[in-house]
Amino acid sequence: MNLVLLGAPGSGKGTQAKMLASHYKIREISLGDILREEAKKKTPLGEVVSDYMKRGVLVPDEIIKDVIQSKLNSHGFVLDGFPRNLAQAKMLEDILKEKNLTLNKVIYFKVDEEKAVQRLSGRRVCKECGAVYHILNMPPKKEGICDRCGASLIIREDDKESTVRRRWQVFKEETASLIGYYLKKSNLLEIDANKSKEEVFLQITEALGYGEDKDSSGD
Ligand code: AP5
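As the structure is a computational prediction, the values presented were derived from the model and not from experiment. (Residues numbered from 1 in each chain as written. Predicted model: local features only at pLDDT ≥ 70, side-chain atom pairs only at ≥ 80, totals over all residues. Heavy atoms only, no water.)

> Help me out: how do you make sense of the confidence of the model for the protein in this one?
Regions with low pLDDT should not have their predicted coordinates read in detail. Model confidence for the protein is summarised by a mean pLDDT of 93, while 95% of its residues fall at 70 or above. A low-confidence stretch, residues 212-219 stays under pLDDT 50, and its non-local contacts, those more than four residues away or across chains, total 6 contacts. (pLDDT = per-residue confidence, 0-100. Contact = heavy atoms within 4.5 Å.)

Spelled out as structure tokens, the structure:
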């Protein structure tokens with residue numbers, strides 16, 4: 001199973017990408033996480049991308065192309081945060097063709113802006129392992145501490161409200177056109193992302209038609 005998750009900031013893509021990867025035993029490829037890791041390690045790539053990310057704008061396509069090309073190698077993936085514009089959608093098609101891979105579904109997370117902004121204002125992430133929490137919706141067992149690895153939780157640099165609003169603007173201007181693009185290709189699945197994470201997960205798994213015990217090796 002090869003999936004793309006499409007949606008505005010705070011629509012819950014990252015949360016569902018992890019759940020779907022674990023459920024279907026496929027790889028989660030999150031562009032945002034990959035770029036943040038590079039920025040954290042201060043690699044040459046990280047130095048270049050961190051300024052774009054802090055400002056809440058897209059990293060240039062040429063840079064993204066190299067990253068995605070190195071990550072997409074075999075069947076069984078859920079892509080979170082790529083593609084984000086028409087040029088990237090075409091890029092994805094070329095890469096898939098070249099590597100003899102196919103896309104099963106593009107899942108569009110439809111969410112209200114105010115709800116998403118509220119989610120992002122309460123998001124906390126582990127500074128070590130990247131686990132994601134929400135102070136009200138998905139709190140850690142111990143305040144400010146990661147359940148998984150015990151490190152401190154922090155607020156993502158691009159989660160301050162002005163940057164979140166900018167990211168939403170970028171979504172509307174550059175990414176939203178992909179909804180129509182994939183609709184025309186008949187592989188878009190729209191889900192109501194305003195619901196709880198369990199309800200969202202159920203909508204997706206019911207629509208994809210694979211149950212818990214399905215052998216989902218991805219072949
Ligand atoms: P990225 O990290 O991908 O950010 P994003 O797309 O803005 O998405 P978010 O991670 O903010 O939200 P999400 O939808 O994943 O929500 P989450 O599940 O975390 O990208 C960051 C930056 O990297 C970009 O701005 C850009 O600069 C660069 N970049 C990345 N990809 C790029 C590309 N292809 N091209 C160019 N540049 C690129 O949930 C949010 C919060 O809500 C959490 O606290 C969570 O616990 C909670 N929550 C989740 N689901 C629910 C629910 N159903 N109910 C209640 N709370 C929920």
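> Would you explain the pattern of salt bridges in this entry?
Charged atoms that come close allow side chains of opposite charge to pair. Counting across every chain of the model gives 15 salt bridges. Of the charged contacts, one joins Asp 158 and Arg 156 as a salt bridge, the two residues approaching to 2.9 Å between their closest N and O atoms. The buried category is assigned to Asp 158, whose relative accessible area is 9%. Here the salt bridges do not stand alone but share partners, grouping Glu 113, Glu 114, Glu 161, Arg 165 and Lys 172 into one network. (Salt bridge = Lys/Arg side-chain N within 4 Å of Asp/Glu carboxyl O. Buried < 20%, exposed > 50% of the residue type's maximum accessible area, 1.4 Å probe, protein only.)

> I tried to follow the pairing of strand S3 (residues 77-80) on my own but got confused; where do I start?
Every regular strand shows the same layout, with side chains that alternate between the two sheet faces. Covered by surrounding structure in S3 are Phe 77 and Leu 79 together with Val 78 and Asp 80, the residues of both alternating faces. Where strand S1 (residues 2-7) and S3 come together, 4 bridges link them in parallel fashion. The partner of Val 4 across the bridge, within S3, is Leu 79. Bridging between strand S2 (residues 27-30) and S3 involves 4 bridges; their strand directions are parallel. (Helix = DSSP H or I, 4+ residues; strand = E, 2+ residues; numbered from the N terminus. Pairing = 2+ DSSP bridges.)

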